[in-house]
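Breakdown of the fold
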Amino acid sequence: MRGVAMGMRKRIAVGASAVVVLAVGYGALDVYDVVPGPLTRSAAATKPVPEPGRTSVGPSVAPPVPASATPLQAADGPAQMPAKVQAQVAAAMKNPDLAKKLGAIVLDGQTGQVLLQHNPNTPMTPASTTKLLTAWVIANTMNLAKPLTTKVVSGSADNRIVLVAGGDTALNPGKGDPSQVNGHAGLADLAAQVATSLKKSGRTSVSVGVDTSYAPGPLTAKHWDPSVVAAGYTARIAQLGLSTQRASDPARPTPADPVASTLQAFVKDLAAQGIHATSGGTVTAPSGATELGQVESAPLLDVLGNALQLSDNAMIESLARQAAFAHGVGGSTADVTGFIESTLKKAGFNLAGVKLADACGLSDGTTIPPRLLAQLLLSGTDGKNKPFAQVLTRLSVGGYDGTLDNRFQLPGNASAAGDVRAKTGSLIGVASLAGTVITKDNRVLVFAVINNAALSWGPYGTRAAIDDFVAALQKCGCSE
């Protein structure tokens with residue numbers, strides 16, 4: 001439904017808004033693309049997207065076609081001509097908010113033909129578009145159809161039970177909501193199962209230990225800024241956590257120990273079921289222990305998609321750690337980033353210029369050339385990589401959801417709303433966007449844009465300039 005009626009949001013003025021940013025501190029408003037800040041998220045998405053598990057595709061955005069089908073059968077318009085594409089976006093690329101320290105590349109989403117490139121091989125700071133590398137590795141090393149399981153088993157002592165972490169960091173402290181990704185599984189549902197099992201054997205008083213042997217690692221990535229973590233712009237990294245305690249907008253401090261917080265919530269849920277329970281600390285579940293109950297997350301595909309849409313650093317790091325763990329790799333930052341790089345190299349990607357300081361893009365020191373982002377995206381649009389094609393259907397839709405819910409709503413770029421699926425990236429002095437856009441000729445183009453110009457008032461002007469660039473691509477009738 002191109003042309004869906006949408007209320008236009010005015011571009012933020014440099015003057016008053018810049019003063020606020022400088023006075024309060026940019027980190028207090030919209031730091032590190034963890035969550036869109038209050039200056040860029042004044043209202044909710046104008047149009048809801050389909051329910052989780054139904055591809056979350058926006059109103060007019062056709063998802064990439066599975067590898068078993070004809071490549072891009074859903075968007076099979078005529079090929080675009082490089083010279084015409086370059087002419088179409090020339091004015092947008094000259095925008096002062098974009099032109100300085102710019103890397104950009106545009107590919108045909110079916111053939112991979114280079115339609116435009118500007119410093120495509122230059123190593124640049126990508127911010128959260130780093131998550132595309134991590135998502136590719138997760139998608140190609142884990143089962144996207146499988147949920148994350150949280151279970152409770154009997155302990156080594158008669159009065160002990162063990163809550164076993166299984167990677168779900170979005171557990172609802174109450175009942176689960178099957179229609180949602182965040183809070184899909186509920187601790188209250190788990191407590192009800194466990195209480196039933198315990199009462200059958202006449203037990204109404206237990207000590208609850210927690211087993212954290214699955215995909216262990218530090219609570220934060222090595223290079224994360226402690227002040228960013230303390231402020232709540234990201235949660236800590238764990239394999240057990242609550243849907244109500246993820247990074248949020250506006251930011252609020254998150255638990256110093258997500259596992260302990262989850263354990264406390266579970267103890268309360270047991271009490272509501274008539275089981276007197278106490279926290280028993282960290283333990284190891286006995287081999288062959290009897291299962292007393294379990295709950296499951298949404299499929300991993302939807303969990304990963306939710307993490308990408310919300311740019312959830314802790315969740316992406318947790319999933320990356322799980323992928324590494326499944327292949328016998330440790331959970332340190334160096335171990336996980338090494339696993340990501342080695343997996344991409346084995347898949348044939350050229351990692352020249354790539355340096356990963358973490359798996360999510362929050363740390364200083366990461367560099368990625370725009371070329372690699374585009375090549376990863378192309379693998380999901382040309383039909384060659386079915387797992388990543390599925391992931392691309394979960395990226396945020398311009399003007400509708402996730403970190404793009406308030407983008408593509410200005411007079412110069414609103415035409416692209418609904419036709420862009422992309423991953424955002426922001427740090428101080430960094431604005432990036434990488435994804436796909438459907439042209440008015442009904443052709444899918446892949447794009448990656450990174451700007452590393454340090455602006456004194458944050459990346460807002462550059463974000464708008466990037467959106468204008470992508471909207472110019474969307475307007476392409478650039479065939480022969």
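In this text, all values refer to a predicted model and were calculated from it rather than measured experimentally.

**As for the nonpolar core**
- Judged by nonpolar contacts, the single largest core of 60 residues is most densely connected at Leu133, Leu304, Leu344 and Val391.
- Residue contacts for Leu304: discarding those within four places in its chain leaves Ala135, Ile138, Leu144, Ile316, Leu319 and Val391.
- Counting residues in each nonpolar core, the second largest holds 33 residues, with Met93, Leu115, Val420 and Leu433 among its members.

**Let's talk about the sheet that holds strand β6 (residues 205–211)**
- Judged by pairing direction, the sheet is mixed, and its 5 strands sit side by side in the order β8-β6-β4-β3-β9 without closing on themselves. Two strands lie at the open edges of the sheet, namely β8 (276–282) and β9 (291–299), each paired on one side alone. Averaged over all pairs of adjacent strands, the angle between their axes in this sheet comes to 20 degrees, without regard to strand direction.
- Judged from the 5 bridges that link them, strand β4 (residues 160–164) and β6 form a sheet pairing that is parallel. Bridge pairing in β6 links Val164 to Asp211.
- Against the sheet, helix α6 (residues 187–200) contacts β3 (147–154), β4, β6 and β9, and its axis sits at roughly 160 degrees relative to β9.
- Packing of helix α9 (residues 300–309) onto the sheet brings it into contact with β3 and β9, and relative to β9 it is tilted by some 55 degrees.

**Here's the deal with the sheet that holds strand β10 (residues 396–397)**
- Reading across from one edge, β2-β1-β13-β12-β11-β10 is the order of the 6 strands in this open sheet, with antiparallel pairing throughout. Both outer strands of the open sheet, β2 (114–118) and β10, are each paired with one neighbouring strand and no more.
- In terms of strand pairing, strand β1 (residues 102–108) meets β2 through 4 bridges, oriented antiparallel. Residue pairing for β2: Ile105 is matched across the bridge by Gln117.
- Sheet strands in contact with helix α14 (residues 460–474) are β1, β2, β11 (420–427), β12 (430–438) and β13 (444–451), and its direction is about 20 degrees off that of β12.

**Considering the confidence of the model for the chain**
- Residues at a pLDDT of 70 or more form 84% of the chain, whose mean pLDDT is 85.
- Below a pLDDT of 50 lies the segment residues 1–73, which in the model reaches 169 contacts outside its immediate sequence neighbourhood of four places, other chains included.

**With respect to empty space enclosed by the protein**
- Applying the stated criterion across every chain yields a total of 5 cavities of 30 Å³ or more.
- Within this model, the largest cavity holds a volume of roughly 150 Å³.
- Taken together, 14 residues make up the lining of the largest cavity; nearest its centre are Thr169, Ala235, Arg236, Gln245 and Arg246.
- It is strand β7 (residues 240–242) that provides the largest number of residues to the lining of the largest cavity, a total of 3 residues.

**Looking at the packing of aromatic side chains**
- Within the structure shown, the criterion is met by 2 aromatic pairs.
- Arranged with centres 5.2 Å apart and planes meeting at 85 degrees, the rings of Trp136 and Phe349 form a pair that is edge-to-face. With a gap of 213 residues between them, Trp136 in helix α5 (residues 131–141) and Phe349 in the loop between α11 (333–346) and α12 (370–381) connect regions that are remote in the sequence. The two residues Trp136 and Phe349 agree in class, both being buried.
- Between Tyr214 and Phe325 the ring centres are 5.4 Å apart and the planes differ by 80 degrees, which places this aromatic pair in the edge-to-face class. Within this pair, whereas Tyr214 is found in the loop between β6 and α7 (226–231), its partner Phe325 is found in helix α10 (residues 313–326), the two being separated by 111 residues in sequence.
- Among the residues examined, Tyr214 registers a relative accessible area of 25% and is labelled partly exposed.

Basis of the calculations
- Residues numbered from 1 in each chain as written.
- Predicted model: local features only at pLDDT ≥ 70, side-chain atom pairs only at ≥ 80, totals over all residues.
- Heavy atoms only, no water.
- Core = buried A, V, L, I, M, F, W, Y, C linked by side-chain atoms within 4.5 Å.
- Buried < 20%, exposed > 50% of the residue type's maximum accessible area, 1.4 Å probe, protein only.
- Contact = heavy atoms within 4.5 Å.
- Pairing = 2+ DSSP bridges.
- Helix = DSSP H or I, 4+ residues; strand = E, 2+ residues; numbered from the N terminus.
- Axes fitted to C-alpha atoms, helices over the stretch in contact; angles between N-to-C directions.
- pLDDT = per-residue confidence, 0-100.
- 1 Å grid on protein atoms, 1.4 Å probe; cavity = no way out; pocket = protein on both sides within 12 Å on 5 of 7 lines; lining within 4 Å.
- Points joined across faces, edges and corners; volume = space filled by probe spheres on them.
- Phe/Tyr/Trp six-rings, centres within 6.5 Å; stacked < 30°, edge-to-face > 60°.

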